Number of protein chains: 2
Amino acid sequence: MASKLFVSAQEVARRAGVSRSAVSRTFTPGASVSAETRQRVLKAAEELGYHVNHLARGLMRNESGIVCLIVSDVATPYRAAVLRELTLQLQNAGKVAMLINTDRSDGSVDRALHQAIRYRADASVILSGLPDKSIVQLCLRSGQRLVLINRDDDQPGPLRINVDDADAGSRVATAFARAGCRRLAFANSLAGTPSLVRREKGFVAAAAALGLEVVVERYGATGYEAGQVLAQRLLTRSERPDAVFCATDLLACGFMDAARRQFGLAVPSQLCVAGFDNIEQASWLSYELTTFAQPVDRIAKYAIDWLGTDDNGEDGPEPITLPAELIWRSSIRGG
Amino acid sequence: MASKLFVSAQEVARRAGVSRSAVSRTFTPGASVSAETRQRVLKAAEELGYHVNHLARGLMRNESGIVCLIVSDVATPYRAAVLRELTLQLQNAGKVAMLINTDRSDGSVDRALHQAIRYRADASVILSGLPDKSIVQLCLRSGQRLVLINRDDDQPGPLRINVDDADAGSRVATAFARAGCRRLAFANSLAGTPSLVRREKGFVAAAAALGLEVVVERYGATGYEAGQVLAQRLLTRSERPDAVFCATDLLACGFMDAARRQFGLAVPSQLCVAGFDNIEQASWLSYELTTFAQPVDRIAKYAIDWLGTDDNGEDGPEPITLPAELIWRSSIRGG
DNA sequence: TTGTACGCGTTATCAT
DNA sequence: ATGATAACGCGTACAA
């Protein structure tokens, strides 16, 4: 319940003895103001504590400078890292990030996009979930740009940036084979997002090509606890796997801890493990996990660069697929 | 460069065959509209994909609904957890979070606050760094509320929420003493933020009262790597400590890993360790760290509840101090 | 209950 | 280069 206390351009104009327009021009890059008026305006603004009202500016320019970041599980290491990169690069580009936390509930992403529309965000970046087709259409009609990261949607319009999960899966299979592993396993969550599916398929297919079978087990969300449960299930099999590809690093950490503590297995001598995401914990001494780094910086750069373009092709921009970088540590034999 | 594509209330009014005010009233809770016009407006709005422009609404009401979250090191587990809680509760309160990432550079927080002012944020929550006094004054004059979390500033006006670090430090000392430890150490970063200082002082003072001396070592930032370095320094002393209080869990993880791998020490039999923050990793099997949980949910609740009050006392609200909760795991003997 | 008219703080346009 | 004026989309006082 704030009553009008912010300083307006009008007041600055009065104090500087110029017109409102002069004030506006002073704060509009590339406008023509004489050095003198400019100084007087700046002085008055400084004294009064004036700052351009971006709400009003956005109203006029039809460009708010706001970019909406739509994410679930913000506190997860990988998500937090993406968030950091996006907000940082957004700020460097002169934009500002609006953060909306979604849950797994139905329509959560749709509600977030409505919020983005209400604030006339210039763009929305979707990192979790998948919006309804109708909402996507609404956003595009409204001139709001959309970026889908690792969402693997097929409708045209949004910029789609994906990491090459299948390739990563395939490379893990090869590495396991080279390490002399024979009984492969894939530890996945029940989430069933496109990226996880591709990771699994790429791994299974490559293993088959190498003449190796894969046991696939799925459980819970992509967290540490799920990794423990999956270890329980996979390592009690009569034919115990000697190599496990975990769908995420978080899963891998839980899996490794359970494998060592509860089953007394040594990594990598008795069990090879690979993960995905290259979260900070993967490099910790307790894990030294061989994993794949998503090119988070490049993903963010592609997204933000596109926001600056006028590229308004009919069917939207071409989808982008980026390779994941293999980070070799010591959870797989050889190397 | 979006040209006016968003649907306006005017267009909805035309389609519904009513005045523009009727549309406005339909979307203003508590306004008087007949059930019939209301229905017609809602129908037209639905068909057109209309959503209230919060930029314009904010301009009118002098209340943007935006709350600015000012943080550095967003990707850090503790910070990410706070962020999650704040955004979630903010959304439940009908507000929206604007996220600004600061670095350690000078004036970084000040720039963030200027951004908050430009977007006419109703409030700013500062989780890192400390703003200049003049900026704080400007915010308050402008009617923008300020919340400082664990910042320990003394100027009146902002809501100050702090965790009782000294008490936590004191309780660790007691626990160590009870475990029969004699040579205590405190592993801190060079950051020197008020909370870290209080944590250290509380620990040292309580240890002194118990007749125990404390070796204090400081290095780097509050991260995993610093923990490793601090272990190197503390565990190579002639009088090797048998108990270490690490300023943060992240430090503690690095410390424990180094202690076990490089010095072959067993926790807690040969070395007791305590941390702070209760990050997710503290509960992992590799650490099982005894630590303190900051009441993140309550902190967020206090902050957001205050934003809803009209409380405009002269010197601002009373500072709030919340206790940290001791989470007992197995990195300290006994229990 | 409904519509008209005005103001919120900007920027853009158009004279000067 | 400068100032007056219109418009952006909305809420609301006021009159009907």
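Just so it is clear, the structure is predicted and the values come from calculations on it, not from any experiment. (Residues numbered from 1 in each chain as written. Chains lettered and ligands numbered in written order. Predicted model: local features only at pLDDT ≥ 70, side-chain atom pairs only at ≥ 80, totals over all residues. Heavy atoms only, no water.)

Considering the overall build of chain A
Consideration 1: Looking only at helices and strands, chain A features 12 helices and 12 strands.
Consideration 2: Relative to a compact globule of 335 residues, whose C-alpha radius of gyration would be 20 Å, chain A shows 25 Å and is clearly more extended.
Consideration 3: The principal-axis extent of the C-alpha atoms belonging to chain A is close to 85 × 40 × 35 Å.
Consideration 4: Looking at chain A as a whole, 55% of its 335 residues are labelled buried.
Consideration 5: Taking contacts inside chain A between residues at least 6 apart in sequence as the whole, the part at least 24 apart equals 68%. (Helix = DSSP H or I, 4+ residues; strand = E, 2+ residues; numbered from the N terminus. Rg over C-alpha atoms; globule rule 2.2 N^0.38 Å. Buried < 20%, exposed > 50% of the residue type's maximum accessible area, 1.4 Å probe, protein only. Contact = heavy atoms within 4.5 Å.)

Re the domain arrangement of chain A
Consideration 1: Here the domain parsing of chain A yields domain 1 (9-46), domain 2 (64-163 + 296-323) and domain 3 (165-294).
Consideration 2: Spacing between the C-alpha centres of domain 1 of chain A and domain 2 of chain A amounts to 36 Å. (Domains from an automatic or database assignment.)

Here's the deal with the packing of aromatic side chains
Consideration 1: Evaluated as defined, the whole model comprises 16 aromatic pairs over all chains.
Consideration 2: Chaining the aromatic ring pairs together yields one cluster made of Phe176(A), Phe186(A), Phe203(A) and Phe245(A).
Consideration 3: Taking NZ or CZ as reference, Arg145(B) lies 4.8 Å from the ring centre of Trp306(B), over its face. (Phe/Tyr/Trp six-rings, centres within 6.5 Å; stacked < 30°, edge-to-face > 60°. Lys NZ or Arg CZ within 6 Å of the ring centre and 35° of its normal.)

Topic: the protein's contact with DNA strand D
Consideration 1: Lining the immediate surroundings of DNA strand D are 25 residues, of which Arg25(A), Ala9(B), Arg20(B), Ser24(B) and Arg57(B) lie closest.
Consideration 2: For DNA strand D, the backbone portion of the atoms within 4 Å of the protein, that is sugar and phosphate, comes to 51%.
Consideration 3: In the model, a base nitrogen of DNA strand D is placed 2.7 Å from a nitrogen or oxygen of the Arg25(A) side chain.
Consideration 4: Those elements that provide at least two residues to the surface near DNA strand D are helix 2 (20-26) and helix 4 (54-61) of chain A together with helix 2 (20-26) and helix 4 (54-61) of chain B.
Consideration 5: For the surface near DNA strand D, the class distribution of residues is 10 nonpolar, 9 polar and 6 charged. (Near = heavy atom within 4 Å. Polar contact = N/O pair within 3.5 Å; in protein donor to acceptor, adjacent residues only side chain to side chain. Nonpolar A, V, L, I, M, F, W, Y, C, P; charged D, E, K, R; others polar.)

Focus on the relation of the copies chain B and chain A
Consideration 1: The operation relating chain B to chain A is a screw motion whose rotation component is 180 degrees, with 0.0 Å of axial translation and a residual RMSD of 0.1 Å. The transformation just described matches what one would write down for a two-fold rotation axis. Using C-alpha coordinates, one finds that chain B approaches the rotation axis most closely at Met98(B), a distance of 2.2 Å.
Consideration 2: Most of the interface of chain B is mirrored in chain A, where 100% of its interface residues again form contacts. (Least-squares fit on C-alpha atoms with pLDDT ≥ 70 in both.)

Re the environment of Arg178(B)
Consideration 1: If you trace the backbone, Arg178(B) turns up in helix 8 (residues 165-178).
Consideration 2: Taking the C-alpha atoms as reference, Arg178(B) lies 36 Å from Gly129(B); in sequence the two are 49 residues apart.

Structural notes on the interface of chain B and chain A
One widely used convention gives an interface's size as the accessible area the parts lose upon coming together.
Consideration 1: With 68 residues of chain B in contact, the opposing surface of chain A contributes 68 residues.
Consideration 2: Across the chain B/chain A interface, buried area totals approximately 6,200 Å², and carbon plus sulfur atoms make up 60% of it.
Consideration 3: It is Phe6(B), Leu55(B) and Arg120(B) in chain B that bury the most area against chain A; as a group they hold 14% of the surface buried on that side.
Consideration 4: Seen at the junction of chain B and chain A, the total is 18 residue pairs in polar contact (both at pLDDT 80 or more).
Consideration 5: Sorting the residues of the side of chain B that touches chain A by element identifies helix 4, helix 5 (77-92), strand 2 (96-102), helix 6 (108-118), helix 7 (133-141), helix 10 (224-235) and helix 11 (249-263) of chain B as the ones contributing at least two each.
Consideration 6: Among the elements that make up the side of chain B that touches chain A, the one with the highest residue count is helix 5 of chain B (8 residues).
Consideration 7: A class-by-class count of the residues in the side of chain B that touches chain A yields 34 nonpolar, 21 polar and 13 charged.
Consideration 8: In this structure, strand 2 (residues 96-102) of chain A lies alongside strand 2 of chain B, joined through 3 bridges in antiparallel fashion. Paired with Ala97(A) across the bridge in strand 2 of chain B is Leu99(B). (Buried area = accessible area lost by both parts, 1.4 Å probe. Pairing = 2+ DSSP bridges.)

Quick look at the UniProt feature "domain: HTH lacI-type" (unreviewed entry) in chain A
Consideration 1: When the UniProt feature table is mapped to this numbering, "domain: HTH lacI-type" (unreviewed entry) covers residues 7-61 of chain A.
Consideration 2: Along residues 7-61 of chain A the backbone is 67% helical and 0% strand, and the end-to-end C-alpha distance reaches 20 Å. (UniProt positions renumbered as here; feature names shortened; annotations may be inferred.)

What about the pairing of strand 4 (residues 145-149) of chain B?
All names here are of chain B.
Consideration 1: Within strand 4, 5 of the 5 residues are buried, which leaves it mostly tucked inside the rest of the structure.
Consideration 2: Side chains Arg145, Val147 and Ile149 project from strand 4 onto one buried face, and the interleaved Leu146 and Leu148 project onto a second face that is buried too.
Consideration 3: Across 4 bridges, the pairing between strand 3 (residues 123-126) and strand 4 is parallel. Along strand 4, the bridge assignment pairs Ile126 with Leu148.
Consideration 4: Note on the crossover from strand 3 through helix 7 to strand 4: the handedness is right-handed.
Consideration 5: As judged from the 3 bridges shared by strand 4 and strand 5 (residues 159-163), these two strands associate in the parallel manner. Directly across from Val147, in strand 5, lies its bridge partner Leu159. (Right-handed = clockwise from strand over helix to strand, strands pointing away.)

Quick word on the protein's contact with DNA strand C
Consideration 1: What surrounds DNA strand C is a group of 25 residues, the closest being Ser24(A), Arg57(A), Ser21(B), Arg25(B) and Met60(B).
Consideration 2: For DNA strand C, the fraction of protein-proximal atoms (within 4 Å) that sit in sugar or phosphate groups is 53%.
Consideration 3: Here a phosphate oxygen of DNA strand C sits 3.0 Å away from a polar atom, N or O, in the side chain of Tyr50(A).
Consideration 4: Within the side chain of Thr37(B), an N or O atom sits 2.9 Å from a phosphate oxygen of DNA strand C.
Consideration 5: Contributions of two or more residues to the surface near DNA strand C are made by helix 2 and helix 4 of chain A together with helix 2 and helix 4 of chain B.
Consideration 6: The class makeup of the residues in the surface near DNA strand C is 9 nonpolar, 10 polar and 6 charged.

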